[in-house]
Amino acid sequence: KRTCAGMKMPFVFLVVLLVILVAASVVEQVAGTAAALTWGYTAPWTLVLWGLTAVSGGVAVWRSRRHTAAATRCLHGALLVILSGALATHLGGEDGELSLARQSAPTDRYLTDGRHVRHLPFSVRAIDFGTVRRADGAGAADYFTLLEVHHGDGRRDTLRIAMNRIGHVGTWRLYQTALSPAVTTLTLRHD
C-alpha cells in the first residue's frame, strides 16, 4: 500500500500544478502577465509544488527501480534535468519590457516585472514598426519592429523582430509584444 501511495504522489502534485497553471492563465487574460507571475507561474507555492513533484517522482522511480524499464528511468531522469534547467533559468534569468517610440534616441534602459530599471549591455532605437496587412486586406498578416542595435564596441546592426520572429542580440532574446501607432513594446529575456 505504501509503495502504491508513493507512486501516486507525483501525479497528485502534477494535478494541483495543472489547476494552478490553468488558473494563472485565466488571471493573465483578466489581470495581466505581472499578476499571473505573482499569483501563479512563479509564486512560492508553485515553485514548492514543482520541487515536491520532482522529489516525489525521483523517490518513486528509485523505489521501483528493479521493476521499472531502463527507458522509463531515463525519461524520468530527463524530466529532472529539464526541471533543473527551468530552476536555473528562473533563478538566474532576467526578464523585462522595453517600449520605444519611432525614431527615438538609443536606450539601454528597460523595466523588470517589479518596475525596476535595468540596463542592457547594448542600446537600441526603433527605426520603424508597424503592421503588414494580408493581401486580401482582411486583417494583419504580421507585426514588426525594425531596430538599430548599438553594441558596446561601436558596431551598429539592424534587427527585424516580428510576431513569429524572435530577435537575438548576444544572449538576449527580444520578442514583439505589443504595438500601437506611437509605440512598440518588446519583451526581453536573458538567461
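Everything numeric in this text was worked out from a predicted model, so none of it was measured. (Residues numbered from 1 in each chain as written. Predicted model: local features only at pLDDT ≥ 70, side-chain atom pairs only at ≥ 80, totals over all residues. Heavy atoms only, no water.)

**A short note on the overall build of the protein chain**
Secondary structure assignment for the protein chain yields four helices and eight strands. Listing the helices and strands of the protein chain from first to last along the sequence gives α-α-α-α-β-β-β-β-β-β-β-β. Whereas a compact globule of 191 residues would reach a radius of gyration of roughly 16 Å, the protein chain reaches 22 Å, over 25% beyond that. Counting only C-alpha atoms and orienting by the principal axes, one finds that the protein chain spans roughly 70 × 45 × 35 Å. Per-residue burial over the protein chain gives 30% buried out of 191 residues. Intrachain contacts of the protein chain at a sequence separation of at least 6 include 41% that bridge at least 24 residues. Looking at the protein chain as shown, the accessible area adds up to about 11900 Å², and 62% of this sits on carbon and sulfur atoms. With 20 positive and 13 negative side-chain charges, the protein chain shows a spacing of 15 Å between the two charge centroids. (Helix = DSSP H or I, 4+ residues; strand = E, 2+ residues; numbered from the N terminus. Rg over C-alpha atoms; globule rule 2.2 N^0.38 Å. Buried < 20%, exposed > 50% of the residue type's maximum accessible area, 1.4 Å probe, protein only. Contact = heavy atoms within 4.5 Å. Areas by Shrake-Rupley, 256 points an atom, 1.4 Å probe, with all protein chains shown as cover. Lys, Arg positive; Asp, Glu negative; His and termini not counted. Charge placed at Lys NZ, Arg CZ, Asp CG, Glu CD.)

**Details of the packing of helix α3 (residues 44–63) against helix α4 (residues 70–92)**
Axis separation between α3 and α4 bottoms out at 10 Å; the angle between their running directions is 155°. It follows that α3 is roughly antiparallel to α4 by the angle criterion. In terms of crossing hand, the pair formed by α3 and α4 is left-handed. Contact with α3, carried on its side by L47, W50, A54 and V61, involves R73, H76, L80, L83 and H90 of α4 and no other residues of that element. When the residues that make up the contact of α3 with α4 are grouped by side-chain class, the tally is six nonpolar, two polar and one charged. (Axes fitted to C-alpha atoms, helices over the stretch in contact; angles between N-to-C directions. Parallel < 35°, antiparallel > 145°, perpendicular 65-115°, else oblique. Left-handed = near helix turned anticlockwise from the far one by under 90°. Nonpolar A, V, L, I, M, F, W, Y, C, P; charged D, E, K, R; others polar.)

**What about the layout of surface pockets?**
Volume-wise, the largest pocket comes out at about 1100 Å³. Lining the largest pocket are 33 residues; nearest its centre among them are L37, T42, H90, D95 and R189. When contributions to the lining of the largest pocket are tallied by element, the ones reaching two or more residues are α2 (33–41), α3, α4, β1 (94–101), β7 (172–179) and β8 (183–190). Among the elements that take part in the lining of the largest pocket, α4 stands out by supplying seven residues, more than any other. Looking at the lining of the largest pocket residue by residue, the classes come out as 14 nonpolar, 12 polar and seven charged. For the second largest pocket, the calculated volume is near 360 Å³. Residue lining of the second largest pocket: 18 residues in total, with P10, T53, G57, H76 and L79 positioned closest to the centre. (1 Å grid on protein atoms, 1.4 Å probe; cavity = no way out; pocket = protein on both sides within 12 Å on 5 of 7 lines; lining within 4 Å. Points joined across faces, edges and corners; volume = space filled by probe spheres on them.)

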